[in-house]
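# Examining the three-dimensional arrangement
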Amino acid sequence: MNKKVEVLPDKNALVERALLLILSKVEPSIQQRGRFTIALSGGSTPKPLYEALSQKKLPWDKIHVLWGDERYVAPDHPDSNQLMARNAWLDKVDIPAENIHAMPTDAAEPSQAAQQYEQHLQELFNSSQGEFPAIDVILLGMGDDAHTASLFPNTEALKVTDKLITVGNKDSSVRLTFTYPFINAAECVIFLVSGENKRPALAQVFAPTASETIYPSRLIQPQKELWWLLDEAAGAEIKI
């Protein structure tokens with residue numbers, strides 16, 4: 001596994017490093033596959049990254065945006081990952097509407113919406129049932145409980161290995177989420193982790209052995225590139 005860990009001085013430096021890394025992937029992906037696909041994460045850490053991307057002149061007609069997870073709320077709900085990304089980035093650039101692939105959250109049953117999004121992705125990537133297409137870049141965060149996307153400790157979503165999308169649960173909050181095998185199929189996975197409160201979880205995720213059920217971020221082991229970008233507050237105790 002091509003795992004790289006970088007500890008940056010602060011959150012601003014983390015965002016700048018992530019920006020450069022993403023930009024370095026755009027043109028090669030377009031040259032090889034005719035487009036660049038990126039899956040976004042929610043939370044506060046990536047927001048300045050999205051704002052920085054909105055200032056770049058990029059071939060937006062060849063860039064496709066997806067989400068790695070989404071709360072099961074309306075697209076205009078304050079908790080929506082889609083809304084945050086639109087406000088910070090997507091509404092500020094000339095990206096075609098059909099290149100924005102938001103998770104549906106309007107079906108009566110979340111499981112039905114998960115199936116609907118999976119079918120949409122199969123059509124987008126021209127992939128078959130049971131096949132895990134490779135997204136060019138997947139951005140991930142990590143909670144202080146070591147969850148990533150909406151793969152929470154001790155939940156059923158961690159057991160799903162035959163689908164792209166499943167339903168994630170945190171207490172009574174329902175989410176849609178990429179499954180971990182789908183994340184692991186990516187060309188490049190980038191974790192963005194900031195804050196001192198992440199240190200205990202990071203210690204377990206980076207430990208030689210620990211439970212993947214309790215610390216779900218350990219499940220993310222792509223065959224291609226894996227980047228852990230940490231600010232000093234989060235990564236001070238990590239031995240690289």
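This text goes with the structure placed above it.
An account of the accompanying structure is given in this report.

Reading the values: the criteria
- Residues numbered from 1 in each chain as written.
- Predicted model: local features only at pLDDT ≥ 70, side-chain atom pairs only at ≥ 80, totals over all residues.
- Heavy atoms only, no water.
- Phe/Tyr/Trp six-rings, centres within 6.5 Å; stacked < 30°, edge-to-face > 60°.
- Helix = DSSP H or I, 4+ residues; strand = E, 2+ residues; numbered from the N terminus.
- Buried < 20%, exposed > 50% of the residue type's maximum accessible area, 1.4 Å probe, protein only.
- 1 Å grid on protein atoms, 1.4 Å probe; cavity = no way out; pocket = protein on both sides within 12 Å on 5 of 7 lines; lining within 4 Å.
- Points joined across faces, edges and corners; volume = space filled by probe spheres on them.
- Nonpolar A, V, L, I, M, F, W, Y, C, P; charged D, E, K, R; others polar.
- Pairing = 2+ DSSP bridges.
- Contact = heavy atoms within 4.5 Å.
- Axes fitted to C-alpha atoms, helices over the stretch in contact; angles between N-to-C directions.

## Concerning the packing of aromatic side chains
- Tallied over the entire structure, the rule returns five aromatic pairs.
- Relative to Trp89, the ring of Tyr50 has its centre 5.7 Å away and its plane inclined at 35°; by these criteria the two rings are tilted. With Tyr50 in helix H2 (residues 47-53) and Trp89 in the loop between helix H3 (81-88) and strand S5 (100-101), this residue pair connects regions lying 39 residues apart in the sequence. An identical accessibility class is assigned to Tyr50 and Trp89; each is buried.

## Comments concerning the layout of surface pockets
- By volume, the largest pocket is sized at about 400 Å³.
- Looking at the largest pocket, it is lined by 23 residues, and the ones nearest its centre are Gly42, Gly43, Met142, Gly143 and His147.
- Looking at the lining of the largest pocket residue by residue, the classes come out as five nonpolar, 11 polar and seven charged.
- There is about 210 Å³ of room inside the second largest pocket.
- Lining the second largest pocket are Ser111, Ala114, Gln115, Glu118, Gln119, Gln122, Gln129, Asp162, Lys163, Ile165, Thr166 and Val167.
- At the level of elements, helix H4 (110-125) and strand S7 (165-170) are the ones that each hand at least two residues to the lining of the second largest pocket.
- Considering each element in turn, the lining of the second largest pocket owes the most residues, six residues, to H4.

## Structural notes on the sheet that holds strand S1 (residues 2-8)
- If you walk across this open sheet you meet the seven strands as S1-S10-S9-S6-S2-S3-S5, and the pairing is parallel. Unpaired on one side and paired on the other, S1 and S5 mark the two borders of the sheet.
- In terms of strand pairing, strand S9 (residues 188-193) meets strand S10 (residues 225-231) through six bridges, oriented parallel. Considered in S10, the bridge of Val189 is made with Leu226.
- Seen against the sheet, helix H1 (residues 11-33) touches S1, strand S2 (36-40), strand S3 (63-67), strand S6 (137-140), S9 and S10 and runs at an angle of roughly 160° to S10.

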